[in-house]
Every structure is written in structure tokens, then in C-alpha cells.
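Structural overview for review
Below, each chain spelled out in residue letters.
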Protein chains: 2
Amino acid sequence: MKARIDVMLRDGVLDPQGKAIHQALKHLGFDTVQEVRQGKVIEIELAESSHEQASARLKEMAEKLLANLVIENYRVTLQD
Amino acid sequence: MKARIDVMLRDGVLDPQGKAIHQALKHLGFDTVQEVRQGKVIEIELAESSHEQASARLKEMAEKLLANLVIENYRVTLQD
């Protein structure tokens with residue numbers, strides 16, 4: 001089973017990488033860009049048979065290791 | 001218009017961050033994990049009216065700035 005976990009900084013937490021990308025895009029002439037946020041995506045191949053079990057495991061992985069819940073949000077998506 | 005660009009290392013390109021996460025998950029007891037790849041996600045708020053134009057601009061941003069096409073793939077997703 002394939003899954004992805006997106007980890008993004010929470011709204012209100014300063015995102016210097018996003019700001020740097022925004023500036024760089026402006027300098028390249030992309031003037032319709034209004035906001036940029038940068039995050040991580042972790043793609044995981046998982047040997048679980050049930051979707052519920054996989055979801056529960058992925059949530060646990062996100063909360064134990066992948067996301068810092070003080071400043072980050074995460075979102076789990078199962079792909080098949 | 002909201003969009004996201006995922007940037008992942010191409011298959012076959014070594015992904016040390018993904019490997020480190022895989023090891024750490026194993027040590028935490030997540031033994032059903034088979035593969036992990038880590039990438040970047042860039043969320044962009046864009047003032048474009050047409051979907052086609054937005055897609056074209058985002059493709060350009062990915063190829064000019066966000067992805068290194070020698071070692072990375074990208075995927076553009078429009079969210080509304």
C-alpha cells in the first residue's frame with residue numbers, strides 16, 4: 001500500500017523557505033504569486049492489508065517522528 | 001487559485017533523507033514499512049483566472065526554480 005504524509009508549518013508560524021521561494025519567483029517575473037509555503041512530503045510503501053490499520057499506523061508515524069506538532073500540521077493520504 | 005508542486009528525487013537517485021526516516025521508523029517498531037522517499041511540497045497561492053494559464057505558469061516555476069530536473073521530478077496539482 002502506498003501512502004503519503006504531507007508535513008507543513010502551521011499557519012502563523014514563520015516560513016523562511018517559503019518566503020525565499022516567493023522572493024525568487026518574483027525576481028524571475030512571476031508576479032501573480034501571492035503566497036508560498038514550503039513543506040515536506042514523505043512517500044511510504046507499507047505492507048498493511050487494511051486501510052484502517054494503515055491509516056492508524058501512518059498517523060502514529062507522523063505524530064511520533066515525522067511532524068513536530070508544536071509548529072507543524074500533517075495530512076495522511078492513502079494512494080491505493 | 002491554490003496549487004501545489006511536489007518535488008521528488010527521481011527513481012534511482014539515492015535518497016539519504018528517505019533512508020534515514022526508514023531506519024528511524026524501523027527502530028520505533030514500524031516494521032511494515034518497505035520504502036520511504038522524502039521530497040518537498042510547495043504550496044502556492046496564485047492570482048490567475050484560468051486553469052490553463054495557472055498550470056502553464058506553475059510548470060514554468062517548477063522548471064526554472066523549484067526542481068532540479070537532472071535528479072528530480074515534479075508534479076503540479078491545482079486545488080480549486
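Residues numbered from 1 in each chain as written. Chains lettered and ligands numbered in written order. Predicted model: local features only at pLDDT ≥ 70, side-chain atom pairs only at ≥ 80, totals over all residues. Heavy atoms only, no water.

Locating Gln-38 of chain A in the fold gives a position in strand 2 (residues 33-46). Contacts of Gln-38 of chain A, omitting those with residues within four sequence positions, involve Met-8, Asp-15, Gln-17, Gly-18 and Ile-21 of chain A together with Lys-40, Val-41 and Ile-42 of chain B. (Helix = DSSP H or I, 4+ residues; strand = E, 2+ residues; numbered from the N terminus. Contact = heavy atoms within 4.5 Å.)

Note on the identical chains: chain A maps onto chain B by a rotation of 180° and an axial translation of 0.0 Å, with an RMSD of 0.0 Å. Overall, the copies show the geometry of a two-fold rotation axis. Ranked by how close their C-alpha atoms come to the rotation axis, the residues of chain A are headed by Lys-40 of chain A, at 2.3 Å. Of all interface residues in chain A, 100% are interface residues in chain B too; the two copies therefore contact each other through one and the same surface. (Least-squares fit on C-alpha atoms with pLDDT ≥ 70 in both.)

This paragraph deals with the interface of chain A and chain B. Tallying the contact residues gives 34 residues for chain A and 34 residues for chain B. Taken together, both faces of the contact between chain A and chain B bury some 2,900 Å²; the carbon and sulfur share is 61%. Three residues, Phe-30, Thr-32 and Glu-43 of chain A, lead the burial of chain A against chain B; their summed loss comes to 19% of the area buried on that side. At the junction of chain A and chain B, the tally comes to 4 salt bridges. (Buried area = accessible area lost by both parts, 1.4 Å probe. Salt bridge = Lys/Arg side-chain N within 4 Å of Asp/Glu carboxyl O.)

Attention shifts here to the environment of Lys-59 of chain B. All names here are of chain B. For Lys-59, the position within the fold is in helix 2 (residues 51-66). In this structure the C-alpha to C-alpha distance between Lys-59 and Asp-31, which are 28 residues apart in sequence, comes to 37 Å. When near neighbours in sequence (up to four residues on either side) are disregarded, Lys-59 contacts Tyr-74 and Val-76.

Before going further, it helps to spend a moment on the pairing of strand 1 (residues 2-9) of chain A. Residues and elements named next belong to chain A. In terms of residue burial, strand 1 counts as a mostly covered element, since 7 of its 8 residues are buried. When strand 1 meets strand 2, the two strands line up antiparallel, connected through 6 bridges. Bridge pairing links Asp-6 to Val-41 in strand 2. (Buried < 20%, exposed > 50% of the residue type's maximum accessible area, 1.4 Å probe, protein only. Pairing = 2+ DSSP bridges.)

Ordered in space as 3(A)-1(A)-2(A)-2(B)-1(B)-3(B), the 6 strands form an open sheet in which the pairing is antiparallel. Both edges of this open sheet fall to strand 3 (72-78) of chain A together with strand 3 (72-78) of chain B, since each of them pairs with a single strand only. Averaged over all pairs of adjacent strands, the angle between their axes in this sheet comes to 25°, without regard to strand direction. Pairing analysis gives 13 bridges linking strand 2 of chain A to strand 2 (residues 33-46) of chain B, with the strands arranged antiparallel. Looking across to strand 2 of chain B, one finds that Leu-46 of chain A is bridged to Val-33 of chain B. Contacts from helix 1 (residues 16-27) of chain A reach strand 2 of chain A together with strand 2 of chain B, with the element oriented near 125° to strand 2 of chain A. Along the sheet face, helix 2 of chain B touches strand 2 of chain A together with strand 1 (2-9), strand 2 and strand 3 of chain B and points at about 155° away from the line of strand 3 of chain B. (Axes fitted to C-alpha atoms, helices over the stretch in contact; angles between N-to-C directions.)

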